[in-house]
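# Observations on chain architecture
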Amino acid sequence: MVHDTLAAFPMSRAARCPFDPPPGLHELRDQARLTRVRLWDGSTPWLVTRHAEQRALLADPRVSSDATRPGYPFPGPARPGADKIGFILMDDPEHARLRRMVTAPFAIRRVEALRPAVQKIVDDLIDDLLAGPKPVDLVEAFALPVPSLVICRLLGVPYADHDLFQGHSRNLISRSVPVEERNASFRALHDYLSRLLEQKVTRPGDDLLSQLVARVEAGELTLADAAGIGVLLLIAGHETTANMIALGTLVLLEQPDQLALLRDGDDPKLVAGAVEELLRFLNITHTGLRRVALADIEIAGVIVRAGEGLIFANDIANRDPDAFPEPAALDLTRDARRHVAFGFGVHQCLGQPLARMELQVVYSTLYRRIPTLRRATGLDDIPFKNDGQVYGVYELPVSW
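Below, the structure is looked at part by part. Quick caveat: nothing in here was measured; it's all calculated off a predicted structure.

## Examining the overall build of the chain
A count of helical and extended segments in the chain gives 15 helices and 11 strands. The C-alpha radius of gyration of the chain comes to 21 Å, within 12% of the 21 Å expected for a compact globule of 400 residues. Projecting the C-alpha coordinates of the chain onto the three principal axes gives extents of approximately 60 × 55 × 40 Å. Taking all 400 residues of the chain together, 56% fall into the buried category. Once local pairs closer than 6 in sequence are excluded, the contacts in the chain between residues at least 24 apart make up 72%.

Here is the structure:
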């Protein structure tokens, strides 16, 4: 049977609690571990909903991330730069070759060395919040600037240009923006990163873009490929973490007993575990991970044929009761480290150590420094991102 439920995948969460996966995903997960679904273009890829099957297939070398292969299940007609946006839509060995060029700055030891700088960024922004008017939009004043400042520092991108790259990033991850406008935003970001790279030929710095320039000059990378990697890291480096900061804060404000664990405690292990649980519970990737089979694969009683698409709905896999008891409950003391919010296998998120560290700093600081933080509007009045590839809130008015 082919389900039309996902014709406009992802589905809105508005029909249920806005922190839960769409109700239709719960139904499909309970019916079968893999289900045929019909997408916007009439194609019928497999939807993988269970935690065990997702981890097995995402680690399987017979499953491809190459978006140029026939059968790849695109989330919509706009596919700007599918072959140019870094290495995310490539397979090994080219994927591994390009990824290795930017791995070092995201290593755990290097990321931990950035913690004091991130702490200062967070504290400075909270100082500004406390000194400014209220209510205030936490997204604009805090959640978006924190990761934007961090990724700009890491890449060597001027933060003064944040309006430019944030605006184009929003277009690229929105399904409501016309195809032509999304393509134009990709070209604008690619051109912007290309200009920065060219500037760093004569004025290199201690940053990742300068390291990519050295690869270009050594003949290991084209300028276009380097710009594509830059686009990928710039978008992923601020959009996802910004949404986790705002959405995580909102869900904690709705569950004061859980918020109190972070506000009143100072145990780094508790904070680290809380970050994993919030990543599991919220899972902001809103279009799933997408792949295509390279060979026939038998799994969970079905055969996925070569050339058939696969969609991994990791938000519903992170609510799989076989993997996480009472998965609909937010429990910051739970061991949630096996979640798939960052994917799994060779393509799992490169920047996850950085995202974890930023979230640890934010969640251990914001509520302690503003212990009376509260929503300044009704939950029903908060605009959720049901039209994007990354889930979150457009605005979060808060006061204290």
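## Re the pattern of salt bridges
Applying the stated criterion to the full structure yields 24 salt bridges. Among the salt bridges present, the one from Arg62 reaches Asp60, with a minimum N-O distance of 2.8 Å. Judged by its relative accessible area of 36%, Arg62 falls in the partly exposed class. On the basis of relative accessibility, which here comes to 13%, the residue Asp60 falls in the buried class.

## Describing empty space enclosed by the protein
Counted by the stated rule, this structure contains two cavities of 30 Å³ or more. The volume enclosed by the second largest cavity comes to roughly 40 Å³. Leu114, Ala117, Val118, Ile121, Val150, Arg153 and Leu154 are the residues that line the second largest cavity. Where the lining of the second largest cavity is concerned, the elements lending two or more residues are α5 (115–131) and α7 (145–155).

## Concerning the nonpolar core
Grouped together as the largest cluster of nonpolar side chains are 91 residues, with contacts concentrated most on Phe142, Leu212, Leu252, Leu278, Leu354, Tyr363 and Val393. Per-element accounting of this core gives the leading share, 16 residues, to helix α11 (residues 223–254). In contact with Phe142, other than residues within four places in its own chain, are Val122, Leu125, Ile126, Leu129, Ile245, Val362 and Leu366. Membership of the second largest hydrophobic core comes to 13 residues, among which are Leu34, Val48, Leu58 and Ile299.

## Examining the side chain of Ser169
Note that Ser169 resides in helix α8 (residues 162–172). With residues near it in sequence (within four places) discarded, Ser169 still touches Leu189, Ile235, His238 and Glu239.

## Brief notes about the sheet that holds strand β11 (residues 397–399)
The three strands lie next to each other as β5-β11-β10, forming an open sheet whose pairing is antiparallel. Only two strands of the sheet have a single neighbouring strand rather than two, namely β5 (136–137) and β10 (374–375). Where β10 and β11 come together, two bridges link them in antiparallel fashion. Of the residues in β11, the one forming a bridge with Arg375 is Val398.

## Observations concerning the pairing of strand β6 (residues 289–293)
Of all five residues in β6, five are buried, a share of seventy percent or more. Across the two faces of β6 the burial is the same, with Leu289, Arg291 and Ala293 and Arg290 and Val292 all buried. Looking at chain direction, strand β4 (residues 63–64) and β6 are connected through two bridges and run antiparallel. Residue Ser64 lies in a different strand from β6, and its bridge partner there is Val292. Pairing of β6 with strand β9 (residues 309–312), which is carried by four bridges, proceeds in the antiparallel orientation.

What counts and what doesn't
Residues numbered from 1 in each chain as written. Predicted model: local features only at pLDDT ≥ 70, side-chain atom pairs only at ≥ 80, totals over all residues. Heavy atoms only, no water. Helix = DSSP H or I, 4+ residues; strand = E, 2+ residues; numbered from the N terminus. Rg over C-alpha atoms; globule rule 2.2 N^0.38 Å. Buried < 20%, exposed > 50% of the residue type's maximum accessible area, 1.4 Å probe, protein only. Contact = heavy atoms within 4.5 Å. Salt bridge = Lys/Arg side-chain N within 4 Å of Asp/Glu carboxyl O. 1 Å grid on protein atoms, 1.4 Å probe; cavity = no way out; pocket = protein on both sides within 12 Å on 5 of 7 lines; lining within 4 Å. Points joined across faces, edges and corners; volume = space filled by probe spheres on them. Core = buried A, V, L, I, M, F, W, Y, C linked by side-chain atoms within 4.5 Å. Pairing = 2+ DSSP bridges.

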